[in-house]
Each structure stands twice: as structure tokens, then as C-alpha cells.
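What follows is the residue order along each chain.
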Amino acid sequence: MRNNSSLALASISAIAFVSVAGMATPAFGQQAPAAGEDAKSSEDIIVTGTLIRGIAPVGSQSIGVSQEKIISIGAANTSDLVSSIPQAGTFNGYVGVRGSSNFSLAVNRPTLRYLGNTASSTASTLLLLDGHRMPGMGILQTSADVDAIAAGAIERVEVVTDGGSSTYGSDAVGGVMNFITRKSFDGVELKDNFGFGDNYQQANVNATVGKTWDWGSAYVTYDFSRHDALYGKERGWSQSLDWVATAANNNIPVGSSFNCTPGNVVISSKTFSLNPISATASRCDNTELATFYPRETKHSLLGSLVIDTGGRVQISLKAYYVHRVDTSDGGPITADVTVTPASPFYIPAANLPGTGLSGNETFRINLASALGTFTPAPTTMEAFGIIPSIKVDLGHDWQVNASVDYGRGKANFFGQANPINTAVLNAGAAAGTFDPRNPALASNAPVITSAIDLFQFGRAVNELVDARAVVDGPLFKLPGGDLRAAIGVEFEHDSYAGITTRGASRAAIAALTDTIVKRDIWSAFGEVNLPIIGADNRGGIYGLSVTASARYDHYSDFGHTFNPKFGINFQPVDWLTLRGNWGKAFQAPGLSDLAQATAQSVNPLPTTLRPFFDPNTPVLGGSNHTGFLVAFGGTLPGLQPQKATTWSLGFDIRPPATGLTAGMTYYNINFKGLIGFAPINLPTFYKNFADKVVLYTAGDAAMQAYFNQLAANLPGGLAGTAAQNTLASIGGNFSNVYAVMDGRTTNLGTVLTDGIDFYVHYSHETGFGDVYAAVDGTYILSLKQGGTTGVADVNGVDPNNKFKVNTTLGAHVGNFQGQVTWAHNSGMAEGPSAANLQQSYVIGFNVFNLFFKYNVPGESPWLKDLSFTVNVDNVLDTDPPLYRGLSNSLFGAANGFTLGRVIKIGVSKKF
């Protein structure tokens, strides 16, 4: 990878030396207050994971991302904050919306416990904004958009890593992330952050204006962010290669694609380069000209109004708005054009350097010479929400909190279908109006214009109406303290209206009508906290408390579900808490999944690009049985909720007067009915999903029959344009097909996972300020997936690695702060194959980030509350590890992601 300016790096290094040489609050993510810590019953605090004010969730692990941590990350998007949490699926990984040039994944979806599946429209981690749900966002998704929250408005993030369905209902299988915004603000605050790297720039500007009065407060915050796109050619690790051919070529890269400039002609299973004709095929890597990280521009607003005159009633209003545009570039448009011997563009066998050549010819080309390489694919997303709420003091420490939450998310995608309409090109080649040997010819333009009138398109509107009321307070006094209870009711209405197509003309798109799916949910829930030993009856034991919560949800589309949870805290001494919990959780099918009733496409996938072979079925040589046909984009009927049983055991220690806190948690999750599409990229697919694939060993007739079954769900069925184009793209027969696969969404089976979370935090005051350190990590003991056939088995390259840890060291020296963070992903095993040169291991990934802050001294209006920050992300400019395959929508890399070395300079001023 190219280096950034040596001068810039030297300057940063100098600052690092000055700050660390002398190294007020630690900037790492603190563990949230230990569950069961004493809290006054009258405290007006609702903690994530519980319904009862002033009490942390009993028995559960809580993680906090503090304001200091948010500042030290220099986050332009909220997803950047989430990626700092080792338990989150995006830790040290891909935090940008993928530049995949389609509508499959429009938003970042944080996933605790690595239970995520980008094929499902929902996420197993519930996202909340100040304890409230947000509307779904995306086209094939109904999960909330974490980046809809203006990063500048977030005060802290609270994370509970245990199932939370007994409190919140659906989606809280892996846990809950609650983004807490400021309650009030007085004054004007301006923040600016500018970042730059190799062929990359980003900018973030935030302005907050607020006022507090005796009767309440109000503020509004505006956040603007943008960043450049990154292309495959701009990062050396991004490469889609034929690894076998590359090794045979003395490790000089050989691209995976045959659709190049000049193109190739295939006849009798032999490939020859065109212009000039050569026995050596042209190879290229078209992903070099496509984005793996899209360009983004985002505007966010969040406003708050609180009316509190000191009486029994408090009224508040929160509202937010976001408009975001992500633009991917699909790179050159490609096509495989079939030419018969009757075509004037047929190349006689005598003019080709091979022998025994006969039959139709297939020209494998791209149209860069005619259309250029820029194929924009923009996704526009817009969301807003309004949350009025009221809090009423009922007396005797009882309180009712009620709110109505309305939100709407709208997404739109429009991109060129690639490959384009090959039937039009085939007809043009037969009629003599399209010469595939030289796409740049002016005479080809009319046919090309007609052929490119084929687009991927999707739009969707997700709406949410949620009304909720909770009353809580003490029931009666026990020897250990007050027995406190909460009870609540909730009504939620969700709706989805959307359309998708992976290949339609502008006219056909204009005629499409939305598929509408609606759902009503009625819920009742409650929680009881029982202090057996507390401040009033402590003896040899410092504390013992138990909690029980439960929730009943009735869905208008699939019935009801009941989810209980029990927790216990035991404190033999005041600085040690032993905790445990057990519960049920669930995740309802996403509305966008239910809207996708048919297969949207059955696509050919070349094995050179995606070598997803069965380890027990040989790959034949030449062009025999070397491709896949896969049904994508639809949902099988009869989706049911995903259900889980979760439990955990752990401890937290806080030795007095040491500055040390530490803890560990063992968790265990049995997640059944996982919604998603079968993981065709894993070797275990052929065993765990044998009912969703037909291999070439079953015979061409069996593959044809399975293709017919899948194609029956395409528009027009087997006789429709989509099916006919697919058949034409493979030469009209199955002689070169390795397997036909069903990749549609359904309830897949079971995920079994367990692991250990741990943290150690230390801070120590000194004569010059303080020093601090933090280690936060997780170790996955096992993560297995069982499909619709077979048994639960190791999941191969997914869930990436077992061990993730974030380590921070830093200090304050007067007004200076210096900090270094080490984010580590361990290595992982990989299934060796001929296509990946028998790669059996992907090495670990380590990223080091630096952060510096200077608070300008002085009390003048221009110096007070003025600070400057410098971030150096990936200071060593480390590339993600080599992976000879496709992972996480990246080519040539796995087990991590990076933009390269990025330097960010920030300034903050409050008036």
C-alpha cells in the first residue's frame, strides 16, 4: 500500500513522543456499573436492560462506551463507535456500507455474539435510541440504521450482552445497544474533524445549540459527514485473482475474470485472446475498477425539548432526521455473447490457433471501451422519527413513563445490471448489428444502448408506530430493602412497502408496484427485583438479590411468544459481585423477508471468482462443470421466529483504593431457526444443506430439473426472460455447471455458541495527572451452525476468529492526553482447497491507533473550552490478512478491514 506523507507521519510521531514521554478521565470503554450496585430507589434513572429505575440489570454483563471513548475514536459515524467493542461483529472490521453495487445490504448492522447474518432482514442485536426503537432502514432489511443517530449527539452507549426479549421483545437475542443522547445542553458547541489517507479524505462537522431554563431545556445538534470512495486498485490487498494461475505465473497476478479488454473467445472449451488473437487467454481483475468502500455524504439532525417545572409531570420530546447517500461504482460492464457459425462475426476455426474447434463461440468481453469504467450505483436513505413522552410522579416513589414513537425510513437504490441484457447482444451478433470482437465500434452503439436498458432497482419504506407505558416503584419493604416491581404494556405497528428487481428496463421498473406487508404487536411485560440481603440486614454477606422478568407478545401474522428471564447477584464482600442469568429470547421474521415471495434471480457464478466446492466432489479439468447456478433474492414461505435460550455466569471485582476493576463472563446461546440464506461459500454447506443443492454427479438432467424448480419462481417462470438469459449465459446446457444451489432466505437451523468475555481496567492518579490502561476482549469457545440437514458443525471461515481484544494505554499530563490502542483479531483456520492453494490458515490482524488531545488553558471567551485532537488510525499502515477467496464482500483479504493509515485532526470549541 502506498505510504502517506512522510512529513505528516514524522510530525505525528513527534507529538506522540512528547505526549507519552510525560503521559482526566480514562478514554477507554468502561465497564458499566456492576449489576446490583446500590442505588437510591428515588433516583430517576432507567438503565438499559431493566424496567426498574436506579438498579442495573441483575445477573447480566453491562458494557459502557463513555464520552471520553467517543472523543478518542474520532468517529464520523455511530458504527465507528460500535466497532470498538470486541463483542460486536464489526470489531476491527468492516464498518462501512459495502460497495457491492446492489441493494442487499444498505445499512451497518451491529451484531453482538456474532449471531448476525446479512441475509436476514433483521438483526439479532436490538438497537435503541434513548430506550426507544427506531424504524427499519433498507430495501431487503428492516433493521434500524445505527448511523441515523448523529454521532455528535451521543453522550454514551450502554450495551447489555445477554438476551433482552423479556424486557424489549424481538431482536434482543445477542443483546441490546442503547445510544443515550444528551438530556440537556446550554450554549453553543462546534466540532470539526478532517481526515486524510492514501487516496482518501473524510470530514465531519458538528454544531450543537442549546439553552436551559428554570422550567426545562432545549437543544438541537446538526452533524455533517462525508468520505471518499475507495477502489480495489487503491489498496494493494484488494485483489480478485485466479490463485492457481498466479502461482503458475511466478506469482505475477493473474486476474480471475476473462471479461477483459481485449476480450476472449471460447470455442470447444478452449479460450483465446482477441485483438490480436492469441492462444493465451486475456485475464484481468475488474474489481480493481470497482469500489469496495462507497462514497458517502450524510446530514443528521437531532433535537430535544424537556419541560420540567419541578412538579409531578415532566414532558419531553426527541426528534431526529438523517439523509444519507452512498454511491458505489460497479466498474466495467461485462457480457458473454454467444455467436453462431451463421453470424458475420463468427471467427473461422482456421483463424484460431487451436485444433478440433467447432460449434458456437462465446465472446467474453467488457464494454469499457464503449461505455467507460464508471458504473454508478447510488443508494439514498432518509429517516426521521419523533418521540413525545411523559413522566408522572404518582407519589410514594411510584412513577409512570409513557411514550409514543413514530419513525419512518425510506431507501432507494438504482444501478446498472451487470451482466447486461445478453439476449439483445446475442440477437445483434446474429443480425450483424453488434460486433463483439470490437465493442468500441460506433456501429455497435444502438445495440449496446438497448442492451444496457436493464437495471437493478429497489425501494422501500419502513414505518414504525410504538406506544408504550411502564409504571414502577416499591411494593413493600423487606429486611434487605424494598421489593421493587415494574409492569408495562406496549402496542407496535410495523409496515413495509417495497419492490426489488435485479434486471428490468426503465419502463418495466416504472410499472412495478410495491409489495406491502404489515404487522401489529400487542405486548405485556413486567419485572420484579427482590433484595434478600442489602443495606438494612448485612451481616457476614454483603448482598444478595434476584430478579425475574417476563414478556408476552402477540403478533398478528404468526401468533404469540412468551419469554422469561431470571437473574441473581451475590456479593460476599462489597468489592466482589458474582452474577448469573438465564432466559429466553426471540427474533421475529423481518417484514422485508416476508415481502420477498419469489426467487429474484438464478445467477451463474464462475468458480474462478467463487471457488465454493464440495470437499468430497472433485473439480473436473477444462471447462467441464466449473460454474454454479444459484437462486438469490427470494424467501421461502412459512418463515417462523428465531428463538434462543441464553445463559451466562460471571463476576466483577473492584478492590477498594486500587483503581482496578476487572471481570469475566461465560455465556452460552442456543439459537434456533436462524433466518438467512444457506452459506454456499462454506465447505460445510454441502453437508448441512444437502437439500438445497444438486451436484453435477447427479447428472445434467437432475441439475436441469432443479433449475426448473427454482426458475419457476422467477417472473415469467421457466419461459420468462430471466430464466432464458440464465440458460443462454451457460450455453444452453449444464455441461459446465458444477452445482445448482438454492440461496433463498429461510429458517436455516441452529447456531450454538459459547465463550468468555473479560475486562481489566486500571487508573492511577499521579503528580502530573494520571495514567490508565484497559484490556477488553472476548474468546469464542465454539460457534457451530447446523443446517436443514446434517448436524451443527464448525462454521469454517465464518465467524472469522475466536479471540478479539482491545488494549488501551494512556496518560494525562496537565492539559495533554496521549493514548495508544491495540486492536487484535486472532488468526483462524480455513478449509484448504486447490483453488486457494491449500490455504489452511488466515493470520491474525493487528491495528494500532494513536490519539492525542490538548485542552487549551485560559479563561478568555476564545480559549475556554477549546481543545484540539489528533487521531492516527492504523499508524503502521497494516494490511488485512491475505485470504485467497471471497469474504465479507472483500477480495483478497479476510479477518479484518482497514482504510489504511488515516490521520484525523479535530477541533472543538464551546461558547
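Residues numbered from 1 in each chain as written. Predicted model: local features only at pLDDT ≥ 70, side-chain atom pairs only at ≥ 80, totals over all residues. Heavy atoms only, no water.

1. Here's the deal with the environment of S124
Now for step 1: One can find S124 in the loop between α3 (78–82) and β2 (125–129).
Now for step 2: Accessibility expressed as a relative area gives 2% for S124, which makes it buried.
Now for step 3: A C-alpha to C-alpha distance of 7.6 Å links S124 and G175, two positions 51 residues apart in sequence. (Helix = DSSP H or I, 4+ residues; strand = E, 2+ residues; numbered from the N terminus. Buried < 20%, exposed > 50% of the residue type's maximum accessible area, 1.4 Å probe, protein only.)

2. Brief notes about the pairing of strand β12 (residues 295–308)
Now for step 1: Relative to β12, strand β7 (residues 216–227) runs antiparallel, the two being bridged by 12 bridges. Within the sheet, the bridge partner assigned to F224 lies in β12 and is H299.
Now for step 2: Counted along the chain from β12 to the antiparallel partner strand β13 (residues 313–329), the turn is four residues long, and its residue G310 has a positive phi close to 95°. (Pairing = 2+ DSSP bridges.)

3. Structural notes on helix α13 (residues 721–729)
Now for step 1: All of the buried residues along α13 are A723, N725, T726 and L727.
Now for step 2: Its buried side turned inward, α13 meets α7 (422–431), β24 (601–606), β25 (627–632) and α12 (700–711). (Contact = heavy atoms within 4.5 Å.)

4. Comments concerning the sheet that holds strand β14 (residues 334–339)
Now for step 1: If you trace the four strands from one edge of the open sheet to the other, you get β10-β9-β15-β14, paired in antiparallel fashion. Each edge of the sheet is formed by a strand with only one pairing partner; in this case those strands are β10 (270–273) and β14. Across this sheet, the average inter-strand angle for adjacent strands is 25°, counted without regard to direction.
Now for step 2: Strand direction decides the pairing type here: strand β9 (residues 264–267) and strand β15 (residues 361–366), joined by three bridges, are antiparallel. Following the sheet pairing, N264 is matched in β15 by R364. (Axes fitted to C-alpha atoms, helices over the stretch in contact; angles between N-to-C directions.)

5. Looking at empty space enclosed by the protein
The rolling of a water-molecule-sized probe over the atoms marks out the regions of remaining empty space.
Now for step 1: One number sums up the size of the largest cavity: a volume of about 750 Å³.
Now for step 2: Surrounding the largest cavity, 41 residues form its lining, I73, S83, N849, D873 and K904 being those nearest its centre.
Now for step 3: By residue number, the principal contributor to the lining of the largest cavity is strand β39 (residues 845–855), which donates four residues.
Now for step 4: For the lining of the largest cavity, the class distribution of residues is 16 nonpolar, 19 polar and six charged.
Now for step 5: One number sums up the size of the second largest cavity: a volume of about 430 Å³.
Now for step 6: Around the second largest cavity sit 32 residues that line it, and R133, T142, D171, E492 and D494 are the ones nearest its centre. (1 Å grid on protein atoms, 1.4 Å probe; cavity = no way out; pocket = protein on both sides within 12 Å on 5 of 7 lines; lining within 4 Å. Points joined across faces, edges and corners; volume = space filled by probe spheres on them. Nonpolar A, V, L, I, M, F, W, Y, C, P; charged D, E, K, R; others polar.)

6. Things to note about α12
Now for step 1: Look at α12: 16 Å from first C-alpha to last across 12 residues, which is about the 16 Å you get at 1.5 Å a residue.
Now for step 2: Turning to α12, its buried residues are M703, Y706, F707, L710 and A711. Within α12, the buried residues cover an arc of 135° as seen down the axis, which keeps them to one side.
Now for step 3: Tucked inside the fold, the buried residues of α12 contact β24, β25, β29 (693–695), α13 and β30 (737–742). (Expected span 1.5 Å × (residues − 1). Arc of directions from axis to C-beta.)

7. So, the sheet that holds β30
Now for step 1: Pairing in this open sheet of four strands is mixed, and the strands run β24-β25-β30-β29 from one edge to the other. One side of each edge strand has no neighbouring strand; the edge strands of this open sheet are β24 and β29. This sheet shows a mean twist of 15° between the axes of neighbouring strands, independent of strand direction.
Now for step 2: Bridging between β29 and β30 involves three bridges; their strand directions are antiparallel.

8. A short note on the state of the cysteines
Throughout this description, disulfide means a covalent bond between two cysteine sulfur atoms.
Now for step 1: Tallying each qualifying case throughout the model produces one disulfide.
Now for step 2: Linked covalently through their sulfurs, C260 and C284 form a disulfide whose S-S length is 2.2 Å. Taking the sign of the S-S torsion, -95° for the link of C260 and C284, the bridge is left-handed. Separated by 24 residues along the polypeptide, C260 in the loop between α5 (243–248) and β9 and C284 in the loop between β10 and β11 (291–293) bring together distant segments of the chain.
Now for step 3: Assessed through its relative accessible area of 3%, C260 is described here as buried. (Disulfide = S-S within 2.5 Å.)

9. Some points on the side chain of D223
Now for step 1: Within the secondary structure, D223 sits in strand β7.
Now for step 2: Of the buried charged residues, D223 lacks a salt bridge, with K298 as the closest side chain of opposite charge at 4.3 Å.
Now for step 3: Within the structure, D223 has its side chain in polar contact with the side chain of N206 (distance 3.2 Å). (Lys, Arg positive; Asp, Glu negative; His and termini not counted. Salt bridge = Lys/Arg side-chain N within 4 Å of Asp/Glu carboxyl O. Polar contact = N/O pair within 3.5 Å; in protein donor to acceptor, adjacent residues only side chain to side chain.)

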